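Below are the chains, spelled out letter by letter.
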Amino acid sequence: MVLSKAVSESSSDLSVHSTFASRYVRASLPRYRMPENSIPKEAAYQIINDELMLDGNPRLNLASFVTTWMEPECDKLIMAAINKNYVDMDEYPVTTELQNRCVNMIAHLFNAPLGESETAVGVGTVGSSEAIMLAGLAFKRRWQNKRKAEGKPFDKPNIVTGANVQVCWEKFARYFEVELREVKLRDGYYVMDPEQAVEMVDENTICVAAILGSTLNGEFEDVKLLNDLLDAKNAQTGWETPIHVDAASGGFIAPFLYPELEWDFRLPWVKSINVSGHKYGLVYAGIGWCIWRNKEDLPDELIFHINYLGADQPTFTLNFSKGSSQVIAQYYQLIRHGFEGYRNIMENCHENAMVLKEGLERTGRFDIVSKDHGVPLVAFSLKDRSRHDEFEISDMLRRFGWIVPAYTMPPDAEHVTVLRVVIREEFSRTLAERLVLDIEKVMCQLDALTSKLPPPPLLPTTAMLARKKSELETQRSVTEAWKKFVLAKKTNGVC
Ligand SMILES: Cc1ncc(COP(=O)(O)O)c(C=O)c1O
């Protein structure tokens, strides 16, 4: 008895067993209910770590603009601040001070009209989506206040955007009850047409949102033209329709690569701008910024003042608590790289995008849908879709480890499907060249696969229709049906 007790006790001791033979790891855990008992920390780590191995490799995730690599020194700062709640401003005054420095640096980068001793108006957010909700709310409230003062109805606000807007604009419109008026795209023109946008503006338009770096193909919209057209319409109608620039990606590209391009606060109708710190701001996921031209553009009644954590704290955010690490990391990147460093990084991204683009052009198989001027990404479509499509290429690239999304364009260009590769800081020249080689291999494999299939029937004859489907044909129709199903489900929720 004594002996068997000793054995059963030692058998529950994790350190005695090989990691994977311990009873904690060999038995499956309940998935959807909290387990009854505790398990050792080593076992919990091992189980979670192993399951996470099945996630893709973030560095090879070319679908996303979001940063996947930072310097180890910054990783250290992030880990050191992981337990600081950003909202405890009185307890962590230095972190608050760093956020204010970031707001000011970014406002200057966007040419905010600030006097020598003036501080910028802006806020750190979880990402561009939160920044856009806040900017949209400020526009809505300002418009309502103006309409109320004029004794006019204020219950039908609308916002004008291109159909290429990211899903966060649709969220804003739905959550905050603003009609979304989208300028449709057309073949070969995948951004908002400023003339059509201004035509859609009426007295209930709270703002026109322009995108600096369309999510779909990286193209910059013509904010200068939009500003000039709106200026004329405002002068003619007496309205004061403002512009918001969604510079989620382009805000940290244009100032470095295209300093002459006028898209920011140099244009008088641009009243607010958002940018994602976690995209080309070069910080891991969880930080964005919203900057207002000046104080009057952010209605005071949207700012909450709390004092129970110490001193008076003005806040304008959708949530309360959040981590401090990303703010600290943004400050690190801004002072570590400075203007010179950001310019170098963005130039390198642009050059690598060109290497990839030229490699794809050399294959003769693709049309390039992105522009050289814009966010460093390459969006491309098959010239000939009769034998295979972009979704198959995306699937096959997964086997090489690459994650390259394929998606359809929004209305009225939904018949166009593209593959998109986002070039981030750590996507080196070697990787760009390697990706071209792997795409070539995929094309060869797809050609070999389809050459084994009988050519698709042109016009089905009665005899053909009557014939029993071969196994291959059945497979093909199942695949087709799935493709249609998947296509129907696809939204443009790319990020
Ligand atoms: C143009 C644009 N706006 C907004 C967003 C949303 O950004 P975030 O992921 O920072 O919330 C994205 C994301 O890709 C985007 O491309």
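The rules behind each value
Position numbers for residues start from 1 in each chain and track the written sequence from start to end. Totals for whole chains, interfaces and linings use all residues, but because this is a predicted model, local features are given only for residues with pLDDT of at least 70 and pairs of side-chain atoms are given and counted only at 80 or more. With hydrogens and water stripped out, all remaining heavy atoms of the structure feed into the side-chain values. Numbered from the N terminus, helices here are DSSP runs of H or I no shorter than four residues, and strands are runs of E no shorter than two. In the analysis that follows, any N or O atom pair within 3.5 Å is treated as a polar contact, provided that within protein one partner can donate a hydrogen and the other can accept it, and provided that, for residues neighboring in sequence, both atoms belong to side chains. Given a helix with a known number of residues, its expected span is that number minus one, times 1.5 Å. Partly exposed residues are those whose accessible area sits between 20% and 50% of the maximum for their type, while under 20% is buried and over 50% is exposed, using a 1.4 Å probe and protein chains only. Two residues qualify as a contact provided that any one of their heavy atoms is within 4.5 Å of a heavy atom in the partner residue. If even one non-hydrogen atom of a residue comes within 4 Å of a molecule or strand, that residue is called near it. With residues, only the protein chains shown are counted as cover, and all accessible areas are computed by Shrake-Rupley using a 1.4 Å probe.

**So, the environment of His415**
Line of reasoning, step 1. Relative to the helices and strands, His415 is located in the loop between β12 (406-408) and β13 (417-422).
Line of reasoning, step 2. Here Asp187 takes part through its side chain, which lies 2.9 Å from a polar atom of the side chain of His415.

**Quick look at helix α5 (residues 93-109)**
Line of reasoning, step 1. The first and last C-alpha atoms of α5 sit 24 Å apart over 17 residues, in line with the 24 Å expected at 1.5 Å per residue.
Line of reasoning, step 2. What α5 keeps buried is the set Thr95, Thr96, Leu98, Gln99, Cys102, Val103, Asn104, Ile106, Ala107 and Leu109.
Line of reasoning, step 3. Taken together, the buried residues of α5 touch β1 (121-125), α10 (254-257), β6 (270-276), β7 (288-292) and α11 (325-363).
Line of reasoning, step 4. Two residues or fewer after α5 comes Asn111, characterised by a positive phi angle close to 60 degrees.

**Points about unusual backbone geometry**
Line of reasoning, step 1. Notably, Glu177 is not glycine yet its phi reads approximately 55 degrees, a positive angle.
Line of reasoning, step 2. Looking at the secondary structure, you find Glu177 in the loop between α7 (167-175) and β3 (179-183).
Line of reasoning, step 3. Positive phi is not limited to glycine here, since Leu282 has a value of about 75 degrees.
Line of reasoning, step 4. Structurally, Leu282 is set in the loop between β6 and β7.

**Comments concerning the site of the ligand**
Line of reasoning, step 1. Neighbouring the ligand are 16 residues, the closest being Ser128, Ser129, Asp246, His278 and Lys279.
Line of reasoning, step 2. The contact in question runs from an oxygen atom of the ligand to an N or O atom on the side chain of Ser129, over 2.6 Å.
Line of reasoning, step 3. Between the ligand and the protein, one listed contact pairs an oxygen atom with a side-chain N or O atom of Ser276 at 2.8 Å.
Line of reasoning, step 4. Out of a free accessible area of 400 Å², the ligand has 93% covered by protein chains.
Line of reasoning, step 5. Here the shell around the ligand gets three residues from one element, more than from any other, and that element is helix α6 (residues 128-149).

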